[in-house]
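Coordinates in review
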Amino acid sequence: MFLSFIYFLFFAIIVFYIPGRFVLNYFTKDKNFYILAPSLVLGILLYSVIILVFRYIGATYQSCFLVYTVLSIVLLIKTGLNNYSFSFKKLELLAFFTTILFIALLQNTLLSRSGDYANGELNFYVGTHDPMHHLSLIAEIRHNFPFQNPSFAGEKLKNYHYFADLVMAGVLETLPVETFHLYFRVFPIFVSLLFSISCLSVVSMFIKSFYFRMLAVIFMTSGGNFGYLIPFLRN
């Protein structure tokens, strides 16, 4: 499972961060750490559009990743590694990432236990409808275009927000990542971390104190229910 995180991190840097940061550099020269969130978000949006174009013309996910890899290497060489770095205070960065990683792992307590085989059975701790639907949709996106609705054979997939599934399909078709690891563990933690980093980017526009920025991120990431604590309470 650890390798799945490493592979995904590599994918996120090559496909999301470098292209997204390259585009943002045309609009801002800010090298603050808070530029990380918009770079990743923009990179994800660009990849979603580009991979749809590749699939429309009949190209594979692997060819798209190859183009991205070559492009990222060229950008790093031509524009310089310094254009993709950011400034930060080491202690603040350590405190921030330790906090949001702890929150992400805690929130993923139930979800991460799903998708495991035990006694010959596949276990789910968060219900089966949504996981089965999205796993079917990911499989459909990986192998067909245009996409069909996995719930209605022969019907095209319309008016549905499948872009998260599209990104996961791209990862699975490109790197040796196990499907259940990606869906139940790697991607949820990535989304949680991205949400926390995005929150910090927004509050930093209004709050100067790092202490209050951290409090704002903690309150925003913990604003839902605490159902993920049930396993700890039962034990």
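Attention in this report is confined to the structure presented alongside it. Computed from a predicted structure; not experimentally measured.

A short note on the layout of surface pockets
- Put simply, the largest pocket is a space of about 690 Å³.
- When contributions to the lining of the largest pocket are tallied by element, the ones reaching two or more residues are α1 (2–24), α2 (36–56), α4 (90–107) and α8 (179–203).
- At 8 residues, the largest contribution of residues to the lining of the largest pocket is made by α1.
- Residues of the lining of the largest pocket, tallied by class, amount to 21 nonpolar, 2 polar and 1 charged.

What to know about the packing of aromatic side chains
- In total, this model carries 22 aromatic pairs according to the counting rule given.
- Seen from their ring centres, Phe96 and Phe97 are 5.6 Å apart, and the 70° between their planes marks the pair as edge-to-face.
- On the numbers, 5.4 Å between centres and 80° between planes, the contact of Phe147 with Tyr162 is edge-to-face. With Phe147 in the loop between α6 (129–143) and α7 (163–174) and Tyr162 in the loop between α6 and α7, this pair connects stretches of sequence that are 15 residues apart. We note that Phe147, like Tyr162, is buried.
- Three or more aromatic residues joined by ring pairs form one cluster here, namely Phe8, Phe10, Phe11, Phe16, Tyr47, Phe65, Tyr68, Phe187 and Phe190.

Thoughts on a nonpolar patch on the surface
- Where nonpolar side chains cluster on the molecular surface, the patch consists of Val49, Val53, Tyr56, Ile57 and Phe145 and spans about 540 Å² of accessible area.
- Turning to its location among the elements, Phe145 is positioned in the loop between α6 and α7.
- By relative accessible area, which is 32% here, Phe145 ends up partly exposed.

Overview of the packing of α4 against helix α9 (residues 210–221)
- It is at 11 Å that the axes of α4 and α9 come closest, and there the two elements cross at 10°. Accordingly, the angle class assigned to the pair α4 and α9 is roughly parallel. The segment α4 lies against α9, with Glu92, Ala95, Phe96, Thr99, Ile100, Ile103 and Gln107 engaging Phe210, Met214, Val217, Ile218 and Thr221.
- Across the contact of α4 with α9, the residue classes break down as 8 nonpolar, 3 polar and 1 charged.

Quick notes on the pattern of salt bridges
- Applying the stated rule across the entire model yields 1 salt bridge.
- For Glu173, the salt bridge goes to Arg142, with nearest N and O atoms at 2.7 Å. Here the residue Glu173 occupies a position in helix α7, and Arg142 occupies one in helix α6, the gap between them amounting to 31 residues.

Quick notes on the side chain of Ser192
- Position of Ser192 relative to the elements: it lies in helix α8.
- Only 3.3 Å separates the side chain of Ser192 from the side chain of Gln107, close enough to count as a polar contact.
- Each residue touching Ser192, except ones within four places of it in the same chain, is listed here: Ala104 and Gln107.

A few points about the side chain of Ser204
- Secondary-structure assignment places Ser204 in the loop between α8 and α9.
- Take Ser204: its relative accessible area is 9%, and that puts it in the buried class.
- At a separation of 2.5 Å, a polar atom in the side chain of Ser204 contacts the main-chain carbonyl oxygen of Leu200.
- Those residues within four positions of Ser204 in sequence are excluded, and the remaining contacts are Tyr34 and Arg213.

A closer look at the nonpolar core
- Counting residues in hydrophobic clusters, the biggest one holds 61 residues, and the most contacted among them are Phe16, Tyr47, Phe96 and Leu182.
- Looking at this core, the elements that each hand over two or more residues are α1, α2, α3 (61–79), α4, α6, α7, α8 and α9.
- The greatest single-element share of this core, amounting to 14 residues, is contributed by α8.
- Filtering out sequence-adjacent residues up to four positions away, Phe16 remains in contact with Phe8, Phe11, Ser39, Leu40, Gly43, Ile44, Tyr47, Val167 and Phe190.

How each quantity is defined
- Residues numbered from 1 in each chain as written.
- Predicted model: local features only at pLDDT ≥ 70, side-chain atom pairs only at ≥ 80, totals over all residues.
- Heavy atoms only, no water.
- 1 Å grid on protein atoms, 1.4 Å probe; cavity = no way out; pocket = protein on both sides within 12 Å on 5 of 7 lines; lining within 4 Å.
- Points joined across faces, edges and corners; volume = space filled by probe spheres on them.
- Helix = DSSP H or I, 4+ residues; strand = E, 2+ residues; numbered from the N terminus.
- Nonpolar A, V, L, I, M, F, W, Y, C, P; charged D, E, K, R; others polar.
- Phe/Tyr/Trp six-rings, centres within 6.5 Å; stacked < 30°, edge-to-face > 60°.
- Buried < 20%, exposed > 50% of the residue type's maximum accessible area, 1.4 Å probe, protein only.
- Patch = residues over 30% accessible without salt bridge, like charges linked within 9 Å, V, L, I, M, F, W, Y side chains within 5 Å.
- Areas by Shrake-Rupley, 256 points an atom, 1.4 Å probe, with all protein chains shown as cover.
- Salt bridge = Lys/Arg side-chain N within 4 Å of Asp/Glu carboxyl O.
- Axes fitted to C-alpha atoms, helices over the stretch in contact; angles between N-to-C directions.
- Parallel < 35°, antiparallel > 145°, perpendicular 65-115°, else oblique.
- Contact = heavy atoms within 4.5 Å.
- Polar contact = N/O pair within 3.5 Å; in protein donor to acceptor, adjacent residues only side chain to side chain.
- Core = buried A, V, L, I, M, F, W, Y, C linked by side-chain atoms within 4.5 Å.

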